[in-house]
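# Structural features, examined
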Amino acid sequence: MHRQSLDSGLPQNQHQINTWIQHLKQRADNNPILLVPPIKALLELVKQDKQLLLLSKQMFCPPQQTQQLQLSTLVLQSFDEFIVLLNAVMTQAPAYIRSNNLTAEAFNPSGFIGLPINALLTAAITSTASRHFFSNQLVCQQFKKILAYWSVYLTSEASRDVLVQDCLNQEPQILAWLNPIVQEQIIDIACQASFDPALKAFPFEHYFECDPNDEFYGFKSWDDFFTRKFTSSIRPIAAGEDIIANPCESAPLQVVENVELNAKFWLKGHPYSLKNMMNFDPLAEQFVGGTVYQAYLNALSYHRWHSPVSGTIKKIDIVNGSYDYAPSSSLPFLTAVATRAIIFIESDNPYIRLMCFIAVGIAEVSSCEVTVTQGQHVDKGQQLGMFHCGGSTHCLIFGPHVNLSFDFHRTEPGLNATNIPVCSCIAVVN
């Protein structure tokens, strides 16, 4: 768990985090359960390691603070409480929590929705001791086992309760994902990307493959809902061999040209390092001096990836990176250290030749599933894979011989950008 540039306090969505943790505390109190094996193993690890044990005590009672100040500012009071709440998450899928700030909700309707592990870490990482604790490699390794355990629950039928049950603890800000209010938020995100407000008049099933006559809309699990598919007509594929299609329903972060094979990440501007991004693959050398386009996904967005060009899958590499709790400002850095799928595509267009798509999972389960195989020919717009529960970002990388004109669809690249429709034109090869 890398902690680059981690803020020392709670982020701007503190209210949602407090709401979620209070909900989790009540749920844990009302339904106490035995610690699941990987969390029990984490607790044993801490008890047997003197340094980790000391850090686990200091992280919730920083020595420079008085007990009175600590109690008045920290949402979590002890490591034992953190363990109990983390254990409670293992049998609950992410919930939708409404913001009490209508302006903020209109700007970013997801808040920290869908990221309960990140919410717990936000509440837990409030001191130097906590940063050292969660940066420990043994803790990181055990945390990945915990996330893997949780991912199994998220693919189970039991995980569907959050799709239909409002106010699991009578908290009016916690809504079911299939609540009409939440459906409207999801539709708004889709319409915002398409720049067609008239589409808001259509129901949820107009946008996504589902069965509105079924209680769970035909979704088999929380993960099945998270990876829901668009209907076949909702996102047409941009035509033309010189047109690069947007691989994800995502918001543009930046375009960087003349990228280097190696770069020092702590330099201002968060430069990209091709070797690190591509997991030291020899093919990285072909992209030196080329262009990187990076974008990021909203928690309410469509989470499948599609091929930006027609071509042949030359190579696939799945990198089991670190689980990262980090601010949005470090998204470029995360392309080199987080879990990611690296897909090299030999384009049918001779002016593009070899290009690379990188999908990056950056929070929660943060897994990347590839659904194509090496040697397979894909058409532009064909599915390449998908993100499972968690935050995510992605990159397109082109060689130095490719001259591109990008189309940002009336949004400005950056952390305040809005989504660009998947499969729409993202760039033109000049």
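Residues numbered from 1 in each chain as written. Predicted model: local features only at pLDDT ≥ 70, side-chain atom pairs only at ≥ 80, totals over all residues. Heavy atoms only, no water.

Taken together, 3 strands build an open sheet; the order of strands is E6-E12-E10 and the sheet is antiparallel. This sheet does not close on itself; its edge strands, each paired only once, are strand E6 (304–306) and strand E10 (368–370). Within this sheet the neighbouring strands show an average axis-to-axis angle of 25 degrees, counted without direction. As paired strands, E6 and strand E12 (residues 383–387) are joined by 3 bridges and run antiparallel to one another. Within E12, the position partnered with Arg304 by the bridge is Met386. (Pairing = 2+ DSSP bridges. Helix = DSSP H or I, 4+ residues; strand = E, 2+ residues; numbered from the N terminus. Axes fitted to C-alpha atoms, helices over the stretch in contact; angles between N-to-C directions.)

Within the structure shown, the criterion is met by 4 salt bridges. Between Lys25 and Glu81 there is a salt bridge, with its nearest N and O atoms 3.4 Å apart. Here the residue Lys25 occupies a position in helix H1 (residues 14–30), and Glu81 occupies one in helix H5 (residues 79–89), the gap between them amounting to 56 residues. Lys315 serves as the salt-bridge partner of Asp281, at 2.7 Å between the closest nitrogen and oxygen. With Asp281 in the loop between helix H14 (274–277) and strand E5 (291–296) and Lys315 in strand E7 (residues 311–319), this residue pair connects regions lying 34 residues apart in the sequence. On the accessibility criterion, Asp281 (8% relative accessible area) is buried. (Salt bridge = Lys/Arg side-chain N within 4 Å of Asp/Glu carboxyl O. Buried < 20%, exposed > 50% of the residue type's maximum accessible area, 1.4 Å probe, protein only.)

When you line up the elements, Gln92 lands in the loop between H5 and strand E1 (96–97). Setting aside residues up to four positions removed in sequence, Gln92 forms contacts with Trp20, His23, Arg27, Trp150 and Tyr153. (Contact = heavy atoms within 4.5 Å.)

Before going further, it helps to examine helix H8 (residues 128–135). Buried within H8 we find Ala129, Ser130, Arg131, Phe133 and Phe134. Contact partners of the buried residues in H8: helix H2 (37–48), helix H3 (50–58), H5, helix H7 (116–124) and helix H9 (137–154).

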